[in-house]
Amino acid sequence: MSLPDGVERRTFDGHERLATRGQPVYGEPTDGPWRLWDAGRSKLGAMLELDMDVELDGDDGVLYLGAASGTTVSHVADFAGPTYAVEFAPRPTRDLVEVAEDRPNLFPLLKDARKPETYAHVVESGLDAVVQDVATRGQARVAARNRQFLHDDGRLLAAIKARSEDVTADPDDVFEDVLATLRDAYEVLETARLDRYHDDHLAVVARPRTTD
Ligand SMILES: C[S@@+](CC[C@H](N)C(=O)[O-])C[C@H]1O[C@@H](n2cnc3c(N)ncnc32)[C@H](O)[C@@H]1O
């Protein structure tokens, strides 16, 4: 599968790794203007390493839910167009604001992803991708509520954390339930377990269901 424009495989320490061009954020190794995108610290990076068809392209408009301190969303902003980063915890959002200082296309929003009505006046609609990594109960509902920001052929790229839904349940059962709820709002195109990089996470690529 081809990588989005602006993402390349480069050699770091003798190994081919993903990289984007931008200011370093989390102490990652660099090679000239390129900085390593560590799939062990990024579910979206893991999706790319696993060759999932995320359909991201350079200059895409992106809404990123669960941005934390900006590890992954900084890489997204390195290659994408307008990138809206929603995070509801104040502490990581402070770091995120710093990450955005040298990325004019990155817009940090201290907001709750379960309440898109609180940022719908800021975030444009017709976006190409919603990337979701919220690690909270009700992950399918968060995705459904934010479907409104995608154009009809946009993509949801979600990392579902089993333990955030139910710490005791078998992850496979949790994923089945989450996918069943997700299918009310989305057509699921591809799923993959991310265990090689992130324990008990399921990656999902989906497209909005249209009502015609
Ligand atoms: C696993 S971390 C995200 C890591 C980040 N995506 C990265 O790769 O750099 C999950 C984040 O989701 C945030 N979060 C959880 N529930 C949220 C909600 N309802 N609205 C916004 N952020 C939320 C948490 O505060 C946490 O920072």
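Residues numbered from 1 in each chain as written. Predicted model: local features only at pLDDT ≥ 70, side-chain atom pairs only at ≥ 80, totals over all residues.

As recorded by an unreviewed UniProt entry, the protein chain carries the name Fibrillarin-like rRNA/tRNA 2'-O-methyltransferase and is attributed to Haloplanus vescus. Recorded in UniProt under Subunit (unreviewed entry), the annotation for the protein chain is "Interacts with nop5. Component of box C/D small ribonucleoprotein (sRNP) particles that contain rpl7ae, FlpA and nop5, plus a guide RNA." (UniProt positions renumbered as here; feature names shortened; annotations may be inferred.)

A.B. asks: For helix α2 (residues 71-79), give the residues involved together with the corresponding values.
C.D. replies: By the criterion of burial, α2 is predominantly enclosed, with nine of the nine residues buried. Every buried residue of α2 is listed here: T71, T72, V73, S74, H75, V76, A77, D78 and F79. (Buried ≥ 20, exposed ≤ 12 C-beta atoms within 10 Å, placed from the backbone. Helix = DSSP H or I, 4+ residues; strand = E, 2+ residues; numbered from the N terminus.)

A.B. asks: Give a description of the site of the ligand that names residues and reports values.
C.D. replies: Lining the immediate surroundings of the ligand are 18 residues, of which G66, A68, T71, T72 and A113 lie closest. Tallied by class, the residues present in the shell around the ligand amount to nine nonpolar, five polar and four charged. (Near = placed C-beta within 6 Å. Nonpolar A, V, L, I, M, F, W, Y, C, P; charged D, E, K, R; others polar.)

A.B. asks: Which residues make up the UniProt feature "binding site: S-adenosyl-L-methionine" (unreviewed entry) in the protein chain, and what values do they have?
C.D. replies: As annotated by UniProt and renumbered to match this structure, "binding site: S-adenosyl-L-methionine" (unreviewed entry) occupies T71, T72, E87, F88, D112, A113, D133, V134, A135 and T136. Topologically, T72 is positioned in helix α2. Sequence-distant contacts of T72, defined by excluding residues within four places in its chain, comprise S42, L44, G45 and D133. Relative to the helices and strands, V134 resides in the loop between β8 (127-132) and α4 (139-145). A residue is classified by how many C-beta atoms lie within 10 Å of it, and V134, with 25 of them, is buried. Each residue touching V134, except ones within four places of it in the same chain, is listed here: L65, G66, A113, Q139 and V142. (Contact = placed C-beta atoms within 7 Å.)

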